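Each chain, letter by letter, is given below.
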Amino acid sequence: MTHYTGGRIGRTLLLTSVCAVATPSALHAGLNDISQTPNTENAGIQKSLFDQIGTGRGDIYTGRSSLYVIKRDPFRSIRRGRQLFQRKFRLAEGLGPRTGDGVGDINADASLGAGLTDSCAACHGRPRGAAGFGGDVFTRPDGRDAPHLFGLGLVEMLADEITRELRRQRDNAQQRARRQSAVVSQTLASKGVAYGTLVAYPDGRVDTQAVEGVDADLRVRPFFAEGSTISIREFVVGAFNAEMGLESPDPDLAAASGGADVTTPAGMRLNGGSDRIEAPPVHSVTEDSDGDGAYDEIPVALVDHLEFYLLNYFPPATYRQSRQELRGKRLMASIGCTACHIPDLPIERDRRVADVEIAYDPERGIFNNLFAVATPLFAQIDDGSGYPTLKRPLAQSFLVRGIYADFKRHDLGPAFWERNFDGSLQQQFMTEPLWGVGSTAPYGHDGRSINLHEVIVRHGGEAESAKNNYLSLRAAGRSAIIAFLRSLVLFPPDDTASNLNPGDPTAEGFPQYGHGSIRLPVLFNDPTDLE
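Residues numbered from 1 in each chain as written. Predicted model: local features only at pLDDT ≥ 70, side-chain atom pairs only at ≥ 80, totals over all residues. Heavy atoms only, no water.

**Some details on the overall build of the protein**
The following threshold applies: Numbering of helices and strands runs from the N terminus; a helix is a DSSP stretch of H or I covering at least four residues, while a strand is a stretch of E covering at least two. Partly exposed describes any residue whose relative accessible area lies between the buried limit of under 20% and the exposed limit of over 50%, with all areas from a 1.4 Å probe on protein chains only and scaled to the type maximum. We call two residues in contact whenever any of their non-hydrogen atoms come within 4.5 Å of each other. A 1.4 Å probe and the Shrake-Rupley method give the accessible areas. Residues count as covered only by the protein chains that appear here. Two residue types count as positive, namely Lys and Arg, and two as negative, namely Asp and Glu; His and chain ends fall outside the count. A charged residue contributes its charge at one atom only: NZ of Lys, CZ of Arg, CG of Asp or CD of Glu.
Counting its regular elements, the protein contains 13 helices and 23 strands. Within the protein, the fraction of its 531 residues that count as buried is 53%. In the protein, once contacts between residues fewer than 6 apart in sequence are set aside, the share between residues at least 24 apart is 67%. As presented, the protein carries roughly 22200 Å² of accessible surface, and 51% of it is formed by carbon and sulfur atoms. The averaged location of the 66 negative side-chain charges in the protein is 7 Å from the averaged location of its 55 positive side-chain charges.

So this is what it looks like as structure tokens:
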């Protein structure tokens, strides 16, 4: 068994096939594939949808299947997921209609206001070629902004680990209460974040009235502003259906929503016995609930690749930080912002196969003065099958730096409260991670705050004290905080030089070509499955 965590062998492996990284067909937001729209520049996705589906889910011995590719050539799966994210789907492939064709009880189903788009990148496409931000949807009376998806896998892993720790504490309290025949009060905390207390009784009852920032079942749901979805897989399948009218008969969600305990190819455990898992829109490859005549519109293999891509999607970057930005970082801590926007959080078991760190580097950063360093995080295992080696995540601990979140819901006061279509008010929201915030104006879950200063002073409720501390600073102090926040940026991966492809400003055609990029190379040549 060979481990790859950087170093000479790891760098050699990552730099293999750089020519495949530097092709002129770099991905953009919402792309056709060249089988549909051939062009002189050869720009677009290089594989047809049929080729991306391959041989279906298969297994680790079925070439071109999603399980084979994820387990034996995970970087190829990440690249395929990225192509699927950028793909513009067609009517012939099942695109549309909107949920209920836009007609129905929006009080009960907010996806009726989600609209119709032809690509994931239409809502999550800025900066160029990224799984970024950009869309606004009518799923609430005042709208919802589509957030960026940078670092999404790290978010999923943190939320899942916090959930498991909180539930261990609850279970231990119940056991002690039964063993001691006494009432037990248990403080809940994970990764340095406090979630209130619960009380366990000898008869098995649990009082969760004093639990804070999480539901009574202690499941942290990190996705959507109100905190309603557990996993990347649910998010992907739900978005395909609500935003594009593309139905996936995903067997993992179908089984887990029915009570089964399922582990997805990306390693996420979905236990329908302990959690409410969102069901897929259809449950078989022959079901056509939207009546458009198309079946199995998003086969399970495509969901597998997209989930794996987003699990491994890189975190945002850190831009130039001078004395002013660093002062702003210190001031944020001193006035109380980091009580909720916690800078760094640890992961115990990292399921990713690579990490990418992006930072300000005016010497090597050709575009935007940013340079990325990618590090593989897997072991190679020869299973004796004669196929390429299995690539198993090292599952090591990892410190997530600069996320600025606490994975709790908070009441930020009436200025943040949100109207629902049924007339109720959503008053609590998940703490929004601040990484990438320098690139994502306008701000707030509804996009109603025009700049960073305005969204800070919009805070009230539990953040009233921190907001007042900010306002009490001199102008130079407030400016330092804003400058620091502006240094937390998103970036276009196709235009960011890296150790994978450092770029060459002297190349013919620069800057259209030769500026470097971040695309993980395939790990072995497969003439039947070319990228």
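**Quick look at empty space enclosed by the protein**
Short version of the rule: The way it works is a 1 Å grid over only the protein atoms, where trapped points that fit a 1.4 Å probe form a cavity and open points with protein on both sides within 12 Å along at least five of seven lines form a pocket, and then any residue with an atom within 4 Å of a point lines it. Grid points are joined across faces, edges and corners, and a volume is the space filled by probe spheres set on the points. Lys, Arg, Asp and Glu make up the charged group, whereas Ala, Val, Leu, Ile, Met, Phe, Trp, Tyr, Cys and Pro make up the nonpolar group; the residues left over, Gly among them, are polar.
Taken as a whole and judged by the stated rule, the model has two cavities of 30 Å³ or more. Taken as a whole, the largest cavity spans an internal volume of roughly 150 Å³. Contributing to the lining of the largest cavity are 13 residues, with I78, Y309, F314, I518 and L520 lying nearest its centre. For the lining of the largest cavity, the elements supplying multiple residues, two or more each, are α5 (74-86) and β13 (354-360). When grouped by side-chain class, the residues that make up the lining of the largest cavity number eight nonpolar, one polar and four charged. Estimates place the volume of the second largest cavity at around 30 Å³. Every residue along the wall of the second largest cavity is listed here: G213, V214, D215, R219, V220, R221, F407, R409 and M430. Among the residues forming the lining of the second largest cavity, the class breakdown is four nonpolar, one polar and four charged.

**Some words on the packing of α5 against helix α9 (residues 300-311)**
Put simply, the rule reads: For helices, the fitted axis covers only the stretch in contact; all axes are lines through C-alpha atoms, and the angles between them, taken along N-to-C directions, range from 0 to 180 degrees. Should an angle fall under 35 degrees it is taken as roughly parallel, and over 145 as roughly antiparallel, whereas 65 to 115 is taken as roughly perpendicular and any remaining angle as oblique.
α9 packs onto α5 with a crossing angle of 105° between their chain directions and a minimal axis gap of 7 Å. By the angle between their directions, the pair α5 and α9 is classed as roughly perpendicular. Counting all contacts with α5, which are made through P74, S77, I78, R80, G81, R82, L84 and F85, the residues of α9 involved are L302, H305, L306, F308, Y309 and L310. A class-by-class count of the residues in the contact of α5 with α9 yields nine nonpolar, three polar and two charged.

**A closer look at the sheet that holds strand β8 (residues 206-207)**
Rules: Two strands are said to pair when DSSP picks up at least two bridges between them.
Strand order in this open sheet of three strands is β6-β7-β8, and the pairing throughout is antiparallel. Strand pairing shows two members of the sheet lacking a second neighbour, β6 (184-190) and β8, which therefore form its edges. With two bridges joining them, strand β7 (residues 193-200) and β8 adopt antiparallel strand pairing. Across the sheet, residue A200 finds its bridge partner in β8, namely V206. Across the face of the sheet, helix α6 (residues 152-180) comes into contact with β6, β7 and β8 while running at roughly 165° to β6.

**With respect to the layout of surface pockets**
Estimated volume of the second largest pocket: approximately 540 Å³. Lining the second largest pocket are 23 residues, and of these P316, T318, E357, R401 and G402 sit closest to its centre. Broken down by secondary-structure element, the contributors of at least two residues to the lining of the second largest pocket are β11 (317-318), β13 and β17 (398-400). For the lining of the second largest pocket, the leading source of residues is β13, giving five residues. Residues belonging to the lining of the second largest pocket are distributed by class as follows: 15 nonpolar, three polar and five charged.

**Examining the state of the cysteines**
Note the threshold: Note that a disulfide, as used here, is simply two cysteine sulfur atoms within 2.5 Å.
This structure, assessed with the given rule, holds zero disulfides. No disulfide involves C337; its nearest neighbouring cysteine sulfur is the one of C340, lying 9.3 Å away.

**Some remarks on the pairing of β6**
Only one face of β6 is buried: it carries V184, Q186, L188 and S190, and the other face, with S185, T187 and A189, is open. Alignment of β6 against β7, held across six bridges, turns out to be antiparallel. From the neighbouring strand, S185 faces β7, where its bridge partner is V199. In sequence, β6 turns back onto β7 through a hairpin of two residues, with K191 there showing a positive phi of about 55°.

**A short note on the packing of aromatic side chains**
The line we're drawing: Stacked, tilted and edge-to-face pairs are distinguished by plane angle, under 30 degrees for stacked and over 60 for edge-to-face with tilted covering the rest, among Phe, Tyr and Trp rings (Trp via its six-membered ring) whose centres lie within 6.5 Å. Comment: the charge-over-ring label is applied if NZ (Lys) or CZ (Arg) is within 6 Å of the ring centre and within 35 degrees of the ring normal.
Within the structure shown, the criterion is met by 15 aromatic pairs. Between F150 and F314 the ring centres are 6.2 Å apart and the planes differ by 50°, which places this aromatic pair in the tilted class. Here the residue F150 occupies a position in the loop between β5 (144-145) and α6, and F314 occupies one in the loop between α9 and β11, the gap between them amounting to 164 residues. By way of ring pairs, the aromatic residues F85, F150, Y309, Y313, F314 and F491 are connected into one cluster. Between R205 and the ring centre of Y201, over which it is positioned, the NZ or CZ distance is 4.4 Å.

**Considering α6**
The cut-off we apply is this: By definition here, a helix of n residues has an expected span of 1.5 Å times n minus one.
A rise of 1.5 Å per residue sets the reference length of α6, with its 29 residues, at 42 Å; its end C-alpha atoms lie 42 Å apart and thus fit the reference within 8%. A positive phi of about 50° marks S181, the residue just after α6.

All we've got here are geometric facts, nothing functional implied.
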